[in-house]
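Close look at the chain arrangement
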6 protein chains.
Amino acid sequence: MRPSRRAPDELRAVSLERGVVKYAEGSCLVKFGDTHVLVTASLEERLPPWLKGQGRGWITAEYGMLPRATETRTRREASAGKQGGRTVEIQRLIGRSLRSVVDLVALGERQITLDCDVIQADGGTRTASITGAWVALADCLAWMKSRSMISAPVLRDHIAAVSCGIYRGTPVLDLDYAEDSEADTDANFVMTGKGLIVEVQGTAEKDPFSEQQLLELLALARKGTGRLVDLQKMAAT
Amino acid sequence: MRPSRRAPDELRAVSLERGVVKYAEGSCLVKFGDTHVLVTASLEERLPPWLKGQGRGWITAEYGMLPRATETRTRREASAGKQGGRTVEIQRLIGRSLRSVVDLVALGERQITLDCDVIQADGGTRTASITGAWVALADCLAWMKSRSMISAPVLRDHIAAVSCGIYRGTPVLDLDYAEDSEADTDANFVMTGKGLIVEVQGTAEKDPFSEQQLLELLALARKGTGRLVDLQKMAAT
Amino acid sequence: MRPSRRAPDELRAVSLERGVVKYAEGSCLVKFGDTHVLVTASLEERLPPWLKGQGRGWITAEYGMLPRATETRTRREASAGKQGGRTVEIQRLIGRSLRSVVDLVALGERQITLDCDVIQADGGTRTASITGAWVALADCLAWMKSRSMISAPVLRDHIAAVSCGIYRGTPVLDLDYAEDSEADTDANFVMTGKGLIVEVQGTAEKDPFSEQQLLELLALARKGTGRLVDLQKMAAT
Amino acid sequence: MRPSRRAPDELRAVSLERGVVKYAEGSCLVKFGDTHVLVTASLEERLPPWLKGQGRGWITAEYGMLPRATETRTRREASAGKQGGRTVEIQRLIGRSLRSVVDLVALGERQITLDCDVIQADGGTRTASITGAWVALADCLAWMKSRSMISAPVLRDHIAAVSCGIYRGTPVLDLDYAEDSEADTDANFVMTGKGLIVEVQGTAEKDPFSEQQLLELLALARKGTGRLVDLQKMAAT
Amino acid sequence: MRPSRRAPDELRAVSLERGVVKYAEGSCLVKFGDTHVLVTASLEERLPPWLKGQGRGWITAEYGMLPRATETRTRREASAGKQGGRTVEIQRLIGRSLRSVVDLVALGERQITLDCDVIQADGGTRTASITGAWVALADCLAWMKSRSMISAPVLRDHIAAVSCGIYRGTPVLDLDYAEDSEADTDANFVMTGKGLIVEVQGTAEKDPFSEQQLLELLALARKGTGRLVDLQKMAAT
Amino acid sequence: MRPSRRAPDELRAVSLERGVVKYAEGSCLVKFGDTHVLVTASLEERLPPWLKGQGRGWITAEYGMLPRATETRTRREASAGKQGGRTVEIQRLIGRSLRSVVDLVALGERQITLDCDVIQADGGTRTASITGAWVALADCLAWMKSRSMISAPVLRDHIAAVSCGIYRGTPVLDLDYAEDSEADTDANFVMTGKGLIVEVQGTAEKDPFSEQQLLELLALARKGTGRLVDLQKMAAT
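Below is a summary of the structure that appears in this document. (Residues numbered from 1 in each chain as written. Chains lettered and ligands numbered in written order. Predicted model: local features only at pLDDT ≥ 70, side-chain atom pairs only at ≥ 80, totals over all residues. Heavy atoms only, no water.)

1. A few points about the overall build of chain A
The helix and strand tally for chain A stands at six helices and nine strands. Computed over its C-alpha atoms, the radius of gyration of chain A comes to 18 Å, within 12% of the 18 Å expected for a compact globule of 237 residues. Based on the C-alpha atoms only, the size of chain A along its principal axes is roughly 50 × 40 × 30 Å. Counting every position in chain A, which comprises 237 residues, the buried fraction comes to 63%. Once local pairs closer than 6 in sequence are excluded, the contacts in chain A between residues at least 24 apart make up 70%. Approximately 8900 Å² of chain A is accessible, and the part contributed by carbon and sulfur atoms is 50%. Averaging the locations of the 31 positively and 31 negatively charged side chains of chain A gives two centres separated by 5 Å. (Helix = DSSP H or I, 4+ residues; strand = E, 2+ residues; numbered from the N terminus. Rg over C-alpha atoms; globule rule 2.2 N^0.38 Å. Buried < 20%, exposed > 50% of the residue type's maximum accessible area, 1.4 Å probe, protein only. Contact = heavy atoms within 4.5 Å. Areas by Shrake-Rupley, 256 points an atom, 1.4 Å probe, with all protein chains shown as cover. Lys, Arg positive; Asp, Glu negative; His and termini not counted. Charge placed at Lys NZ, Arg CZ, Asp CG, Glu CD.)

2. Some remarks on the packing of aromatic side chains
Note on aromatic pairs: each is described by the distance of the centres and the angle between the planes. Residues and elements named next belong to chain C. The full count for this structure, using the stated rule, is six aromatic pairs over all chains. Between Trp50 and Trp58, the aromatic rings sit 4.9 Å apart at their centres with planes inclined by 85°, giving edge-to-face as the arrangement. Given a relative accessible area of 52%, Trp50 falls into the exposed group. When its relative accessible area of 15% is taken as the criterion, Trp58 is described as buried. (Phe/Tyr/Trp six-rings, centres within 6.5 Å; stacked < 30°, edge-to-face > 60°.)

3. A closer look at the interface of chain A and chain B
Opposite the 38 residues of chain A that make contact, chain B presents 38 residues. Counting the surface lost from both chain A and chain B, the interface buries some 2900 Å², and carbon and sulfur atoms represent 48% of this. Area buried by chain A at its contact with chain B is led by Tyr23, Arg68 and Arg73 of chain A, which between them contribute 28% of it. Taken together, chain A and chain B are joined by 22 residue pairs in polar contact (both at pLDDT 80 or more). When residues of the side of chain A that touches chain B are traced back to their parent elements, those giving at least two are β3 (35–44), β4 (58–65), α1 (77–80) and β5 (111–120) of chain A. Classifying every residue of the side of chain A that touches chain B gives 15 nonpolar, nine polar and 14 charged. (Buried area = accessible area lost by both parts, 1.4 Å probe. Polar contact = N/O pair within 3.5 Å; in protein donor to acceptor, adjacent residues only side chain to side chain. Nonpolar A, V, L, I, M, F, W, Y, C, P; charged D, E, K, R; others polar.)

4. Some details on the pattern of salt bridges
Tallying each qualifying case throughout the model produces 131 salt bridges over all chains. Among the salt bridges present, the one from Glu62 of chain F reaches Arg76 of chain D, with a minimum N-O distance of 2.9 Å. Taken together, the residues Glu62 of chain F in strand β4 (residues 58–65) and Arg76 of chain D in the loop between β4 (58–65) and α1 (77–80) connect one chain to another. Accessibility assignment for this pair places Glu62 of chain F and Arg76 of chain D in one class, buried. Ionic pairing is found between Arg18 of chain E and Asp139 of chain E, a salt bridge with its closest N-O pair at 3.0 Å. Here Arg18 of chain E is found in strand β1 (residues 14–18), whereas its partner Asp139 of chain E is found in helix α4 (residues 125–146), with 121 residues between them in sequence. One network of salt bridges, with partners in common, ties together Arg2, Arg6, Arg12, Asp122, Asp174, Asp176 and Glu179 of chain A. (Salt bridge = Lys/Arg side-chain N within 4 Å of Asp/Glu carboxyl O.)

5. Overview of the relation of the copies chain D and chain B
The two copies are related by a screw motion: chain D maps onto chain B through a turn of 180° and a shift of 0.0 Å along the axis, at an RMSD of 0.0 Å. Expressed as a symmetry operation, the mapping of one chain copy onto the other fits a two-fold axis. When C-alpha distances to the rotation axis are compared across chain D, the minimum falls at Gln201 of chain D, with a value of 2.2 Å. The fraction of interface residues of chain D whose copies in chain B are also interface residues reaches 100%, indicating that both copies meet through the same surface. (Least-squares fit on C-alpha atoms with pLDDT ≥ 70 in both.)

6. So, the pairing of strand β9 (residues 197–204) of chain B
The side chains of a regular strand alternate, first on one face of the sheet and then on the other. Within β9 of chain B, eight of the eight residues are buried, which leaves it mostly tucked inside the rest of the structure. Across seven bridges, strand β8 (residues 185–192) of chain B lies against β9 of chain B in antiparallel orientation. Residue pairing in the sheet places Ala187 of chain B in a bridge with Gly202 of chain B of β9 of chain B. A loop of four residues connects β8 of chain B with β9 of chain B, the two strands running antiparallel in sequence, and Gly195 of chain B in this loop sits at a positive phi of about 85°. Pairing analysis gives five bridges linking β9 of chain B to strand β9 (residues 197–204) of chain D, with the strands arranged antiparallel. By the bridge assignment, Val200 of chain B is partnered in β9 of chain D with Gly202 of chain D. (Pairing = 2+ DSSP bridges.)

7. Side note on the sheet that holds β9 of chain B
Adjacent strands of a sheet form backbone hydrogen bonds with each other and so pair up, either parallel or antiparallel. Read from one edge to the other, the open sheet built from eight strands follows the order β7(B)-β6(B)-β8(B)-β9(B)-β9(D)-β8(D)-β6(D)-β7(D), with strand pairing classed as antiparallel. Of all the strands in the sheet, the pair left with one neighbour each is β7 (170–173) of chain B together with β7 (170–173) of chain D. Taking the axes of each pair of neighbouring strands and ignoring which way they run, one obtains an average angle of 15° across the sheet. Across the face of the sheet, helix α4 (residues 125–146) of chain D comes into contact with β6 (159–167), β8 (185–192) and β9 of chain D while running at roughly 160° to β6 of chain D. (Axes fitted to C-alpha atoms, helices over the stretch in contact; angles between N-to-C directions.)

8. Focus on the interface of chain D and chain B
Every contact between the two is made by 29 residues of chain D and, on the other side, 29 residues of chain B. Buried area between chain D and chain B, summed over both chains or domains, comes out near 2800 Å², and the portion from carbon and sulfur atoms is 54%. Ranking the residues of chain D by area buried against chain B places Glu89, Ile197 and Glu205 of chain D at the top, with a combined share of 19%. Summed over the shared surface of chain D and chain B, the number is four salt bridges. Of the charged contacts, one joins Arg222 of chain B and Glu211 of chain D as a salt bridge, the two residues approaching to 3.1 Å between their closest N and O atoms.

9. Details of the sheet that holds strand β5 (residues 111–120) of chain F
All names here are of chain F. The mixed open sheet is built from five strands, whose spatial order is β1-β2-β3-β5-β4. Only two strands of the sheet have a single neighbouring strand rather than two, namely β1 (14–18) and β4. Between one strand axis and the next, the sheet turns through 15° on average, direction left out of account. Across nine bridges, the pairing between strand β3 (residues 35–44) and β5 is antiparallel. Paired with Val39 across the bridge in β5 is Cys116. Along the sheet, helix α2 (residues 85–99) makes contact with β4 and β5, crossing β4 at roughly 145°. Set on the sheet, helix α4 (residues 125–146) makes contact with β1, β2 (26–32), β3, β4 and β5; between it and β3 the angle comes to about 35°.

Have a look at this one:
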C-alpha cells in the first residue's frame, strides 16, 4: 500500500488556480497534493541575442525553490551565488517541454518567461511546474490575443507532466516525496493532449528496469496526463 | 488626496496569516494591501562560526523577490549570481530589527533564519517583512517551548515596522508604490510594542527635511506600528 | 539515406583505447566516429562531506569540452566562470549511470572521479563518455584489486550508452552531428550488459512521438549497446 | 568619561586635505581622528544605461577598506570575489547623500564617481567619507567650471555627516571605535549646510530608544555637522 | 646525473604533430617527453572591443590542464569558477610571445585564439605550449593565405621556448618535473629563429643566482630553441 | 633625452616612509617619483592549509590599485568580482621575491601578508611594491623579535626591484609611465643586497632583444637596486 493510501493509478488532489498575482500576463498556482508551485508568465518585447531578427519568438523557463519549501531549510541559490545542477536541469526541461507545443513564428519576436517557484515541495515539483506553466502560458497568450498582438494560433496542444515509479515492486502514478525517496525507478513523462510523448526521462539509481516496466509506467503516465489535461481545460474555462 | 483614497494616517488593509507552509517551525503570509510576503522561520541546531561556544543563539534573515513580484519582470538573483545591494540592505535590517527584542542567551546555541520572500510588491516590502517575521518567529519559539527546548522567555517585546513619507507636502502613513515613487521623503520606522524606536531610516533624495517633519513622520509611525502590534496580538491568539 | 551512408542500425566506427595517460588509475580514449573523448578515472581517499562515515564510496563524473572541439570555437567554461547547464546535465547523467552498476559498499570509503573531456565533438559526446567511462572505471578497479584495496566484486555489470533518433522519418542508431541537428526526436539510452535500462531520456523539440516510436528507438538502442558492450569486453581483455 | 577624554559634544580632530592625488578631478584626504579616508572624484563622459538620453547626469559612490585598515587584517573583497553587505550599504548611502544636494540636470549627461577608500579605520568611516566626498565633489565641479563644462550652479548646499550614540547613558558626538563597539544606540546623520536632514539612520541592537533620545542625538548631530561644514568652507578656500 | 639520464644540454624527445583535430584552422599536438599539449588555432572575424577599428588584428591564448594531467587530480577550473593565477600568468605569456613575431596589421581585423590544453604534464607545459602554438598559428595563417584572406607575410620569424635551470649545481636544459621540483633556479626563455630574446623569466625561490649563471642558462636556451626551431621547420614542410 | 630629463642611469626621487598606519605590525609608504604604494605587513597565527604542521611559516602578498590611481578611472576589482590577470601576476611575483630572502623555518608556523595598495601609479608599481615590502617586512620581524616571538635571524638579505628598458634605443633605469608605454623592451629585476638575481622578467612586445642588451639592462638594474638597498638601510635605522 502507498504511504498516502492512494490507488496505484491515482493522482494526488490537483488544483490549478489562475490569475493569482496581479502583475503577470498569466499565472497559475498549481498544487499536486502538498507540492505547491507558483508559475508566472512574463511577456517581454526582447529576445536572446542569438535569436534576433529571425522572425521567431522564444519561450524560456526559470525554476526556484523557496528556502523552506523543503523539510529542512535549503540554502538560497541567490546567496550561494549560483543555480545548482538540479535547478538548471529542471528549468531546461520546462522550457523545452512548453516550446514543443508552441508555434514560435506565430508568437512573433517576443519572449515569454515562465517562472516556476516552489512554495512547498513534496515530490513532483518539475511535473507540477510543467502542468501549471501550460495554464499560465495559455493565459498570457489569451492576454496577447485580446490586445491583438497575435492572430494565428500559437498553442498547438496541451502539455502536462507526471512522474511514475516502481514503489515496492508496483508501478505507481504521481510519486510524492515519501515514495520518491524509496522508489527503485523514477520516470518523468511530459505528454500532449493527444497522448503523444514530448519528453521521457527514466532513471534507475538502484536496479535497472526492463522494457516491460517502462511500458507500464508509460501507461500510467498516459492516464495521469490525460486527467491533468482535463483539469487544465476546466481551469481555462 | 492619496492615490488609494486613504486618510493620511490610515494603514492599508493588513492581514497576518499564520501556519501557511507545512514544514517551517513558524510561518506567516503578511499582506499590506497588494504587498504580499511569505515569511518562514527555520530553526537550525547550528551557528555561524564566529558565534560558536558563546552560550548564545542567533537570529538572521534573508530576503528575496520572486521575479514577477514587480510590474515588469526583475532578473532572478540566483541567475544573476549574486544578491543585489538593495536585497542585502533589507535582509540586514530585518535581522537586526528582530534581534533587538530577542534574548539570545535564552534562545540557546541555535539559529533561527527568517526567510522573507516577496510574492507581490506594492511598496513597503521591508516593513511588511519585519511585521510578519515577528509572527513567524513567535510561532517558532512557541513550537520550541512546546518541545521544552527553551524555558525562559526569549521574546522581550513586539516589533512592527511601517514606512511614512511626505507625499505632496502631507505626511502620510504606509506608502504604497504609487506614493513611494513620488514622495519627497521616505522613512522606515521599526518600533516595539512599547512605542520605543529600534530603527529609523529616513532618506531625502530630493529635498532635505526638517526636525519638525521627522517628528510628524515619527508620530504617524507610532500610530501605525501600534495598530500593527494589535494585529500581531490578534493573529497570535 | 543517412549523411554518413550508414545503415539505420549501424554504429559509427567505435574504438576504445585503454591506458592512454600515464598518471590516472584508469583511462580510455573513446571514439564514436569523429567524436573523441578522453576519460580518466581518478581514485581519491576522500569523500563528499555528506557521505562520510557511512561505509560507502562514491562515483562521480565531470564533463568538459576543449574550446575547439566544435566547428566554431566555444567559450572556455573556466574563463566564463561557470559550467553551463548542458555540462551540468551531462556530468550528472554520467555519474548516475555508472553508479547504477557499482556496489558502493564494496568500493569502500573512497571516491572515483570520471573526467570526460571531449577532444572533438561530432554528436553523441555523452553516450561516448558513458561507454568509455565504464572502461576507465573497470581499469581503475583492476588497479585497486591488484593492490588488494578491494576484495568483493565492485562492478555488477557493463554499462554502455547510445543515442537514437528519428531522422527524416526513419529510426536510426548513433546519431552524428549532421543527423542530430536535423532529427525530430532524439533519445539517449543507457543500458546494462543484460539489456536492462538504466536511463532513458527522450526529447521531442519539434513533433511529439508515439509509444510505438519509442519502442523502435529502444530496440535500436538495445542492439547498439549490445555491440558496445562487446567492444568493452574486447578492450578489457 | 569618554575613552578619548573628549566632551560629549566634541568632534575628534578633523582635517580635510584637498588635491592629494594627481590624476583625479577632485580629491580629499579626510581624517576624523584616527579614521583616514582617501576620496577621489572621477568625471566620466558616460552614464549608467538606465539614465541615458534623459538630459541628466549621475553621482555614484564606491567604498572600500584596505585590508589592514583595521586592527586585525580583513580579507580583501577583490580576492573574496564580491563586496560584502556592509560595503554595499555604505556606498549606497554615500551616493544618495551627495545626490541630495546636486542638480543633476545642471551637471549634464556625465557621471562623477566618488571613490572612498579607507586607509585607517577607527569608527565613523561612512560619515568621514561623506564629509570628504563633498570636498572632492566640489573640487571636481570647480575643475569642470574652469573648463566651461558646466554653467549653472550644480551644488545646492553643503553636506556633512556624523555619528552620534548613547555611550554609558550619555548622548555623545562622533563615536570612535572604542565607543561604537560599546554604545547602546548608534545613529548616523547626514545634514545640509542649512541644518536640514538628508538621511538619518538610527539603530538599537541592544535597548530600543525613545523619541527624546533621538532628539538629543539630532541636536548633537546638528552641532557636529555645522562644525564640519565650517571646516569644508575653510578647506575649499 | 639527471634523473632522465640526459646530457645537460639535451632536450627530451620532442614531437610536433600537425592537423590533429578536424575543425580548427590550425592545430598541433606537441610532446616534450611526457608533457603533451594539444594546441588549436581558431580564427574569428571579431576583435576585443578595445581594438576595434584600428586596422589591426589580435593574437590571444588560453591555457588549461585536464584534471588528471597531473600526478594527483587537480580541480577543474570550470568547476572552481575561475582560472587560477598560474593559468592566467601562463596564457598571458603565450599570447605575448606569439604576438612578438606577428605583423598584426598584415593579419587584418581578426582574432586568432591559441588554445593550449595540457593532456599530460611532466614539466615545461608553458614552453611546450609556445613551441606548439607557433606551428598551429603557422598552419592557421597558411589556411588563410590559401583562401586569399591575407596577402603580405604575417609571421616575421619562428618562436620557440624552453626552460633551463640549475639542477644540483649544474645548468641543464629542458627541465622535466623531477628536476623542476628540485631545481634551485628555473628560467623560461622564449627566443626567435634568429636567436633573439622575446621573453626571459628567471626565478630563484631558494638561492639567488649570478649574472654568470644567467648567461649559462641563456646559452643552453639558445641551443635548445635552435633545435626546436629546426623541428618546427621539419613539421611545417 | 628622457621625458623626465633624468640621466639614463638615474632613479626617480625615492622615499621609504615607515610606520605609516597604526595597526599593522610593519608598514611602508614607498614612492618612486609619482608612483606611491602603501605596503602593510600583517602577522597572523595561521597558515594556508597545505603548509600546516611542517614547522615552517609563509610570506604572501596581495596587490591592488585604488580605482583612481590611474589617469582614467579603473574599475574596482571588488566590484568586478575578481582580480585581473595582471594583479594576480604581480602579487605572485611580490610574494616569491620576498620569500627568497626569508628563512621560513626561523619564522615559525605563522603567515605574514604583505598588502601592496597603489595610491598613485606612474609606472613601476610592482618594483616599488617589492622594495617597500622589504621595509614593511623588516619592521614586522623587528616587532616580533621585540616580543621574543622569533630568535634566529629570519631575513637573510635585502631585496629591491627596479624596471629597466630600452627607450628610443637607449637602455634606461626605472621607467616611468611615459617611458614604459613607449619602450621597446621592458625588464623587471629583483636583486639582493649582494647583487644576486632573484627574479628577472624581460619582455619584448615589439622587437626581440639580444644578449648584449639584456646585459646592459642588468648592469643598470644592479646599480639601481644597489641604491635602493642603501635607501632601505637608511629608512630602517
